Amino acid sequence: MIEEYIKPLKIGELTAKLPLIQGGMGVGVSLSSLAGAVAAEGGIGVLSTAQIGFYRSDFEKNPLAANLKAIAEQVKLAREKSCGGIIGANIMVATRNYKDYVCAAVKAGVDLIISGAGLPANLPEYVKGSVVKIAPIVSSEKAAKTICKLWDRHYRRVPDMVIVEGPLAGGHLGFSEDQLEPFIRKNPLAAAKQMSAYDSEICKIIEVASGYGEKYGMEIPVVVAGGIDTPEKAEHYLSLGASGIQIATPFVATEECDAHRAFKEAYVRAKDEDVVILKSPVGMPGRGLKNAFLERVHRGEKREIHCRQCLQHCNPAAIPYCITEALIRAVRGDVENGLIFCGANVGKIEKISTVHAVIENIFG
């Protein structure tokens, strides 16, 4: 039973009552309302810094400045709603001016920085002198070994936590198209076989974390993410030895989520067949909802691009659309003309509920 696995999630001196992290979702999906509500319930609430300042009047003129100001604003608001809970920031390594975002989050007083979409090689340097915990997102044993070895060798430290993001996650995915093939073809047997094999990868990552933790005389908790939406799935990963779970998609269809209601209703309407693997303009595969926008992209239609300087390796001249613009349109409610990232199990969502209800559904 899941009850026997519900233990506090400890990250150094930080302790969350529940072994639960709310996944960071940009642009504007997980801001202070959602993060604060999850933290108040005893989980770890996470702001996404991806174009976090899109709502500010100065965003179009100076996106970077607007985003850095918004980090301070949103952390403060999340704190006010968190009832003393833990607030983290998800900062993509692929973000242009990555160091500036990390430093802004540290200055704003976040407890934790979670970083994926690339390996955060220099993250320890950027948080040096602070008490902020740092956690890389990995999808393989190889990536876990690489980042631990790198930080050990260059900074004489290791991650405070490791998040393992599996192939059922939403948004950008740390897998090749070949690895995602069973999910692209929607082959249930092949997908189930791959998920079963991935359990072995999770166990190997836990072993890596355990080994480096032993070297430094600390425990490095491993948290599993991707497609977890039932007590049975949570129990499964916790029984493998994970210290916690990360959930994102179910939190979108809540009253507290920062996205427009039309965005949440798109999740409620979604069927399994609406979920597709797409190629992001930055070259990474991602998971989202099929709509008129993606159909136009598939036909080869292009829009004029006004670059907001969001990602390091994005070439406006070579991409079919601006991912920032597409995500902003969707989060503001124009769901047919925007990009809607989602997890693999979005089709199971039947109504807009609350953060409390989502957590109660998992942990009772």
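Along each chain, the written sequence defines residue order, and numbers are assigned to residues from 1. Thresholds applied to this predicted model are a pLDDT of at least 70 for local features of residues and 80 or more for the giving and counting of side-chain atom pairs; totals over whole chains, interfaces and linings are not thresholded and use all residues. Water and hydrogen atoms play no part in the side-chain values, which are based on all heavy atoms of the structure.

(A) Structural view of the packing of helix H2 (residues 63–81) against helix H3 (residues 98–108). Each axis is a line fitted through C-alpha atoms, and for a helix only the stretch in contact is used; angles between axes span 0 to 180 degrees, taken between their N-to-C directions. Helix and strand assignments come from DSSP, with helices taken as H or I runs of at least 4 residues and strands as E runs of at least 2, each series counted from the N terminus. At their nearest, the axes of H2 and H3 sit 9 Å apart, and the two run at 25° to each other. Classified by the angle their axes make, H2 and H3 are roughly parallel. Along this stretch, H2 crosses H3, giving a crossing that reads as right-handed. Here Leu-64, Asn-67, Leu-68, Ile-71, Ala-72 and Val-75 of H2 lie close against H3, whose contacting residues are Asp-100, Tyr-101, Ala-104, Ala-105 and Ala-108. Residue polarity follows a fixed list, in which Ala, Val, Leu, Ile, Met, Phe, Trp, Tyr, Cys and Pro are nonpolar, Asp, Glu, Lys and Arg are charged, and the others, Gly among them, are polar. A per-class count over the contact of H2 with H3 returns 9 nonpolar, 1 polar and 1 charged. Note that the term roughly parallel is reserved for angles under 35 degrees, roughly antiparallel for angles over 145, roughly perpendicular for angles of 65 to 115, and oblique for everything else. Two helices cross in a left-handed way if the nearer one is turned anticlockwise from the farther one by less than a right angle. They cross in a right-handed way if the turn is clockwise. Only heavy atoms matter for contacts: two residues are in contact if any of them lie within 4.5 Å across the pair.

(B) Expanded view of the environment of Lys-10. Topologically, Lys-10 is positioned in strand S1 (residues 9–11). For the pair formed by Lys-10 and Ala-35, sequence separation is 25 residues and the distance between their alpha carbons is 18 Å. With near-sequence residues (within four places) excluded, Lys-10 lies in contact with Thr-15 and Pro-221.

(C) The pattern of salt bridges, seen in detail. Criterion for a salt bridge: a side-chain nitrogen of Lys or Arg within 4 Å of a carboxyl oxygen of Asp or Glu. Within this structure, the stated rule accounts for 13 salt bridges. Measuring nitrogen to oxygen at the nearest pair gives 2.9 Å for the salt bridge that ties Glu-13 to Lys-133. One end of the pair, Glu-13, is in the loop between S1 and strand S2 (14–16); the other, Lys-133, is in strand S7 (residues 133–138), and 120 residues separate them in sequence. The exposure class assigned to Glu-13 is exposed, which follows from its relative accessible area of 57%. Its salt-bridge partner being Asp-58, residue Arg-56 comes within 3.0 Å of it at the nearest N-O pair. Per-residue accessibility, obtained with a 1.4 Å probe over protein chains only, is compared with the maximum for each type, and a residue is labelled buried under 20%, exposed over 50%, and partly exposed between these values. According to the relative accessible area criterion, Asp-58 is buried, its value standing at 16%. Three or more residues joined by partner-sharing salt bridges are found here, namely Arg-56, Asp-58, Lys-69 and Glu-73.

(D) Region of interest: the pairing of strand S6 (residues 112–115). Here S6 shows a buried face lined by Leu-112 and Ile-114 and a second buried face lined by Ile-113 and Ser-115. By convention, a crossover is right-handed whenever its connection, traced from the first strand over the helix to the second and viewed with the strands pointing away, goes clockwise. Regarding topology, H3 serves as the crossover connection from strand S5 (residues 86–90) to the parallel S6, and that connection is right-handed. The pairing criterion is simple: DSSP has to find at least two bridges between the two strands. Across 4 bridges, the pairing between S6 and S7 is parallel. When the sheet's bridge partners are listed, Ser-115 is paired in S7 with Pro-136.

(E) Representation of the environment of Asp-229 in the model. Within the element layout of this structure, Asp-229 appears in the loop between strand S10 (222–225) and helix H8 (231–239). What makes Asp-229 buried here is its relative accessible area of 13%. Each C-alpha atom of the pair Asp-229 and Val-346 lies 9.5 Å from the other, and the pair is 117 residues apart in sequence. Those residues in contact with Asp-229 that sit more than four places away from it in its chain are Pro-250, Asn-345, Lys-348, Asn-361 and Ile-362. Only 2.8 Å separates the side chain of Asp-229 from the side chain of Lys-233, close enough to count as a polar contact. Definition of a polar contact: a pair of N or O atoms within 3.5 Å, with one able to donate and the other able to accept a hydrogen when the atoms are protein atoms, and with sequence-neighbouring residues admitted only if both atoms are side-chain atoms.

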